[in-house]
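Notes for the structure review
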Amino acid sequence: MKHLALGSLMALCSSMTFAEGTTVFINADILTMDADFTVAKAMAVRGDRILSVGTEAQVRSEAGEDSSIVDLAGGTVLPGFIDAHTHPVGGGASSVFDNVGIDRFSTVEEALEYMKEATEGQGPLNWALFVNLDLATQSFEDGLVTREHLDEIAPDTPMVIWQAGGHKMTVNSVMLDLMGVSDDTPDPAGAQFGRFEDGRPDGNLSGAALLFGALGVIEPYNSYDRIEGSVALAKEWNAQGLTTLGVAGVASPKDWDVLTELSARDDFPLRTRNYLQWGGLVMWDQAGVAPGQGDDKSRIVGWKISADGSNQAFTGLQREPYLNSDNLGLAYMSQEAIDSAVVKGTKRGGQMAMHGNGNAAIDNIISSVQKAREAGVDVVRPRIEHCSITEDDQIAKLKELDISCSFLIAHVLYWGEAFRDTVFGPEKALKLDRTGSFERAGVPYSLHTDYSVSVLSPLEMVEAAVTRSLFTSPDTVLGEEERASVDMALRAITSVPAFQLLSEEEIGSLEVGKLADFVVLADNPREVTPDEIGEISVKQTWMNGKQVH
Ligand SMILES: [Zn+2]
């Protein structure tokens, strides 16, 4: 038998693969994430599938004499990680913007200082593009950022700050000129200029018409190569242990073409499970694109709808007003519109992925699913995206109706303090991303980044769910009793999202017959202290029986 130790394996070039023949991996703690949390010591892979999992003797005998042996030297093996909800294509293009978020700068002053240095000496043909500035979490003496701050930094260069959450931009005067905006340009339909007291636009843009208007003139954003950019990002994702992305949702047939082209390439070793934006139904019909299409690498599983906005932008729809206000947030869809989408989307053969951040939006979604079921419509595995604020009565209802959720856990880590102090107050903030309560109630949940809304690695998400400590004050915990157990948090990046993405027969656990997607970690997440989980090194990532990292 051929025998390779981990050290020599790592030293070989990264293009080494074992797609042909049988490979036996020994000397590892294999957290299979099967229904019983079985821990095995060895695993055999033949072609793209798992042939055997169990004790070393058992696996060696099932694999046969001609197998290659890989000694994992005590590493920990888990199924390839799954991020349940991402936006890889549009999110990738936003990587032309430089991050100035709370994970880099705790104040806006520091961020502005950095932007000034980065922009120094640039002229009208350069671009000063920044993203993730967050006035909810980064403190700022002046309160509001306007074009005056930006004009000081970039008097000649078009400058844009795309704010955290994606719903707002601040631009400078050069950029307003490029957009054809003058002092007396009126607000376009459904969008708004921030304005100085004298009525002139102050550089703040909100609403789709203005954001798309701005994006339309940002040359680096438009010339970004979505294929090559995604291939480059795939390397980073594989390095974090990711082998599957939930895409929620695909914006247009053009974006689906990009995903299809990527899927055909060997240098994009990631599976995607895709939700089509329900609002684009006419487009999808014209293009002949529908749920069920695709293969085990890239497949359309359903439809994405959005019931409300986001809590940090005060547009999540609430049962009670936001802190110190009478604002209840914003319904992006009426109850009737959600009712209709759930019935029609299901009848078109799609699973429903429904964005709901506020507790009232979640009420509306639950009500639609219940009504459809009562009318005899077999709503398949409905899932609530973000599901940020939930009440006890809702968790019971989710259990009763078999509705699962996916949490944007960076809400706790990065925005937890803002939710507590400025958005909801301390009591309601405890109802954020209730991983502990969901676990006790037996309601399945997954974790997601909503890339590029947040950029945590899967293991960093696990750490955030298990510790619930705040980035802005690491000693503070938001909701002790809502802490996830390590096992459930690991399920939330493996077996649960596989189930949510209708793919549990293929991926999400290491069991005989499933696709050979797995990671080899330097340490066992069950054995390190919770605040070390995010730093565990991903030694290897395998997808389809081939080493991709
Ligand atoms: Zn999203």
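Residues numbered from 1 in each chain as written. Predicted model: local features only at pLDDT ≥ 70, side-chain atom pairs only at ≥ 80, totals over all residues. Heavy atoms only, no water.

Segmenting the chain into domains produces domain 1 (1–80 + 509–549) and domain 2 (91–222). Computed over C-alpha atoms only, the centres of domain 1 and domain 2 are separated by 46 Å. (Domains from an automatic or database assignment.)

A word on the coordination of the zinc ion. On the protein side, the zinc ion has His85 (NE2), His87 (NE2) and Asp450 (OD) as donor atoms, found 2.1 Å from it. For the zinc ion, all donor residues lie on one chain, and their spacing in sequence is H-x1-H-x362-D. Of this pair, His85 sits in strand β9 (residues 81–86) while Asp450 sits in the loop between β22 (445–448) and α18 (458–467); the two residues are 365 residues apart in sequence, bridging distant segments of the chain. (Donors = N, O, S within 2.8 Å, 3.2 Å for Na, K, Ca; no water. Helix = DSSP H or I, 4+ residues; strand = E, 2+ residues; numbered from the N terminus.)

Moving on: the environment of Gly436. Residue position: Gly436 is located in helix α17 (residues 435–441). When the C-alpha atoms of Gly436 and Val53 are compared, they prove to be 31 Å apart, with 383 residues separating the residues in sequence. Apart from residues lying up to four places away in sequence, Gly436 is in contact with Glu481, Glu482 and Arg483. (Contact = heavy atoms within 4.5 Å.)

Further remarks concern the packing of helix α9 (residues 226–239) against helix α10 (residues 253–263). If you want to describe how two helices pack, look at the angle between their axes and the distance between the axes. Running from N to C, α9 and α10 point in directions that differ by 50°, and their axes come no closer than 10 Å. When the axis of α9 is compared with that of α10, the two are oblique. The two elements α9 and α10 meet at a crossing, and its hand is right-handed. From α9, Arg226, Ile227, Ser230 and Val231 reach across to α10, where they touch Asp255, Val258, Glu261 and Leu262. Per-class residue counts for the contact of α9 with α10 are 4 nonpolar, 1 polar and 3 charged. (Axes fitted to C-alpha atoms, helices over the stretch in contact; angles between N-to-C directions. Parallel < 35°, antiparallel > 145°, perpendicular 65-115°, else oblique. Left-handed = near helix turned anticlockwise from the far one by under 90°. Nonpolar A, V, L, I, M, F, W, Y, C, P; charged D, E, K, R; others polar.)

The biggest cluster of nonpolar side chains holds 115 residues, and the ones touching the most others in it are Phe97, Met169, Leu205, Ile384, Phe438 and Leu447. Structurally, this core is a two-domain feature, drawing no fewer than three residues from each of domain 1 (1–80 + 509–549) and domain 2 (91–222). (Core = buried A, V, L, I, M, F, W, Y, C linked by side-chain atoms within 4.5 Å. Buried < 20%, exposed > 50% of the residue type's maximum accessible area, 1.4 Å probe, protein only.)

Looking now at the UniProt feature "domain: Amidohydrolase" (unreviewed entry) in the chain. Residues given the UniProt feature "domain: Amidohydrolase" (unreviewed entry) here are residues 69–549. End C-alpha atoms of residues 69–549 are separated by 18 Å, and the span's content is 34% helix alongside 19% strand. (UniProt positions renumbered as here; feature names shortened; annotations may be inferred.)

Within the secondary structure layout, Glu391 lies in the loop between β20 (383–386) and α14 (392–401). Here the side chain of Glu391 touches Asn359 through a polar contact of 2.9 Å, side chain to side chain. Excluding residues within four positions of it along the chain, Glu391 makes contact with Arg319, Asn359, Lys431 and Arg434. (Polar contact = N/O pair within 3.5 Å; in protein donor to acceptor, adjacent residues only side chain to side chain.)

Let us look at the packing of helix α13 (residues 359–374) against α14. Where α13 contacts α14, the axes come no closer than 11 Å and their chain directions differ by 25°. Relative to α14, the element α13 lies roughly parallel. Where α13 crosses over α14, the handedness of that crossing is left-handed. Note on element contacts: α14 touches α13 through Gln394, Lys397, Leu398 and Leu401, opposite Asn359, Ile362, Asp363, Ile366, Gln370 and Arg373.

Here we come to the environment of Leu215. You can see Leu215 is positioned in helix α7 (residues 208–217). Look at Leu215 and you get buried, because its relative accessible area is 7%. Distance in space between the C-alpha atoms of Leu215 and Asn172 is 14 Å, their sequence separation being 43 residues. Setting aside chain neighbours within four positions, we find Leu215 in contact with Phe97, Trp162, Met169, Tyr221 and Asn222.

On to the pairing of β20, then. Direction of pairing for strand β19 (residues 351–356) relative to β20: parallel, over a ladder of 4 bridges. Its bridge partner lying in β20, His355 is registered against Glu385. One crossover worth recording links β19 to the parallel β20 by way of α13, and it is right-handed. Alignment of β20 against strand β21 (residues 404–408), held across 3 bridges, turns out to be parallel. Of the residues in β21, the one forming a bridge with Ile384 is Cys405. Regarding topology, α14 serves as the crossover connection from β20 to the parallel β21, and that connection is right-handed. (Pairing = 2+ DSSP bridges. Right-handed = clockwise from strand over helix to strand, strands pointing away.)

Attention shifts here to the sheet that holds strand β23 (residues 518–521). Sheet strands associate in pairs through backbone hydrogen bonding, adopting either a parallel or an antiparallel arrangement. If you trace the 6 strands from one edge of the open sheet to the other, you get β4-β3-β8-β23-β24-β25, paired in mixed fashion. Either end of the sheet is taken by a strand with one partner, and the two such strands are β4 (39–40) and β25 (546–547). Two elements, strand β8 (residues 76–79) and β23, share 4 bridges in a ladder whose sense is antiparallel. Residue pairing in the sheet places Leu78 in a bridge with Val519 of β23.

Omega for the peptide link from Ala248 to Gly249 comes to 0°, which places this bond in the cis form. For the peptide bond that leads from Tyr451 to Ser452, omega is 10°, which places it in the cis range. Structurally, Ser452 is set in the loop between β22 and α18. Even without being a glycine, Asn27 presents a positive backbone phi close to 60°. For Asn27, a relative accessible area of 39% corresponds to the partly exposed category. Residues other than glycine seldom take positive phi values, yet Phe37 does so here, at roughly 55°. Of note, Phe37 is situated in the loop between β3 (29–31) and β4. Note on Phe37: relative accessible area 22%, which makes it partly exposed.

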